[in-house]
Amino acid sequence: MMLLFGIAAAALVWWLLKVFARSDTVAVAKAVKIVGGIAALGAAVAIGAKGQIATALLVGGLGAWMLGWSRLPLPGPLGRFQKAAGRYSRIRSAMIEMEIDHATGGVEGSVLAGAFAGRRLSSLAPENLRRLYDECGALDPDGISLLEAYLDRRFAGWREDAQGDRDTRTRTHAHSGVMTKDEAYQILGLKPGASLDEIRHAHRTLIKKLHPDQGGTAYLAARVNQAREVLLSRHR
């Protein structure tokens, strides 16, 4: 039985590496969570059959969370992780609303205006994303920066392949206007009235995921830093 599990694990790793090589990191992350969730549920059944009910419930709860059954609470430290995993930041421009998962640093977004209004970014094919990029270039400079952050996570190397745009590697855009406290709370994924400790913790969590040295972008890091300063000023 252990030999069969080993062969299955090796085959799974080989398959994941093959999928990852094709470079849609969003799809890879989703596949890993699904496979991991199924594996955890299977392990929970096997552990429960041996009479280790508490351990089986723990492993089964983790598997259920990985499969998206978020209403099932996880016990102990995993319950605190589940709470953090459900926190999202939102950064909005005129045409794009970006969502950032605090637990993973994953980014997703919605199109608010233009030809693809109402669509999720993950549902758009590469040619449609290029068209959206051009629309943002004409109407929404902040939207370009958000879209670039999304493309960096979904398509590694897209900047090198972009034609006629040699500055995409280093270009940033200044955010126009003053950030409101409501915007700052949304960017840090906090509720109004959050404490100093909550503000600092949310900022640290995000900046580790979004700093350019960690594969993020200077624009997103700057917006997160700005949100921290806006909210900290409330306590001064």
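Everything quoted here is computed from the prediction, not taken from an experiment. (Residues numbered from 1 in each chain as written. Predicted model: local features only at pLDDT ≥ 70, side-chain atom pairs only at ≥ 80, totals over all residues. Heavy atoms only, no water.)

### Concerning the confidence of the model for the protein chain
Put simply, the rule is: The predictor rates its confidence in each residue with pLDDT, a number between 0 and 100. In what follows, residue pairs with any heavy atoms lying within 4.5 Å of each other are defined as contacts.
Per-residue confidence for the protein chain gives a mean pLDDT of 76, with 68% of residues at or over 70. For residues 166-174, every residue scores under 50 in pLDDT, and the model assigns this stretch 17 contacts once sequence neighbours within four places are set aside.

### Describing the sheet that holds strand S1 (residues 88-92)
This is how it is decided: Only strands that DSSP links by at least two bridges are regarded as paired with each other. Numbering of helices and strands runs from the N terminus; a helix is a DSSP stretch of H or I covering at least four residues, while a strand is a stretch of E covering at least two. Interaxial angles span 0 to 180 degrees and are taken between N-to-C directions of axes, which are lines fitted to C-alpha atoms, for helices over the stretch in contact.
If you walk across this open sheet you meet the three strands as S1-S2-S3, and the pairing is antiparallel. Looking along the sheet, the strands with just one partner apiece sit at the ends: S1 and strand S3 (107-111). Adjacent strand axes in the sheet meet at a mean angle of 20 degrees, parallel and antiparallel pairs treated alike.

### Details of the packing of helix H5 (residues 126-139) against helix H6 (residues 141-154)
What counts here: Under this scheme an angle from 65 to 115 degrees is roughly perpendicular, one under 35 degrees roughly parallel, and one over 145 degrees roughly antiparallel; angles in between are oblique. Left-handed describes a crossing whose near helix is turned anticlockwise from the far helix through less than a right angle; right-handed describes the clockwise counterpart.
Put simply, H5 and H6 touch, their axes get as near as 7 Å, and they point 155 degrees apart. Our classification of the angle between H5 and H6 gives roughly antiparallel. Judged by the twist between their axes, the crossing of H5 over H6 is left-handed. Contacts between H5 and H6 pair Leu129, Leu132, Tyr133, Cys136, Gly137 and Leu139 from the former with Pro141, Gly143, Ile144, Leu147, Glu148, Tyr150, Leu151 and Arg154 from the latter.

### Side note on the nonpolar core
How we decide: By nonpolar core we mean a set of buried residues, namely Ala, Val, Leu, Ile, Met, Phe, Trp, Tyr and Cys, connected to one another through side-chain atoms within 4.5 Å. To sort residues, take the accessible area from a 1.4 Å probe on protein chains only and compare it with the maximum for the residue type: under 20% means buried, over 50% means exposed, and anything in between is partly exposed.
Ranked by size, the top nonpolar core spans 41 residues in total, and within it Ile96, Leu121, Leu132, Leu188 and Leu190 carry the most contacts. Elements with a minimum of two residues in this core: strand S2 (96-101), S3, H5, H6, helix H8 (181-188), helix H9 (196-210) and helix H10 (218-232). Tallying contributions element by element places H10 first for this core, with eight residues. Ignoring any residue separated from it by four or fewer positions in sequence, one finds leucine 190 in contact with Arg87, Tyr185, Glu198, Ile199, Ala202 and Leu231.

### Considerations on H9
Convention followed: By this rule, a helix spans an expected 1.5 Å times one less than how many residues it contains.
With 15 residues, H9 should reach 21 Å at 1.5 Å per residue; the first-to-last C-alpha distance of 21 Å fits that figure. Within the span of H9, buried status applies to Ile199, Ala202, His203, Thr205, Leu206, Ile207 and Leu210.

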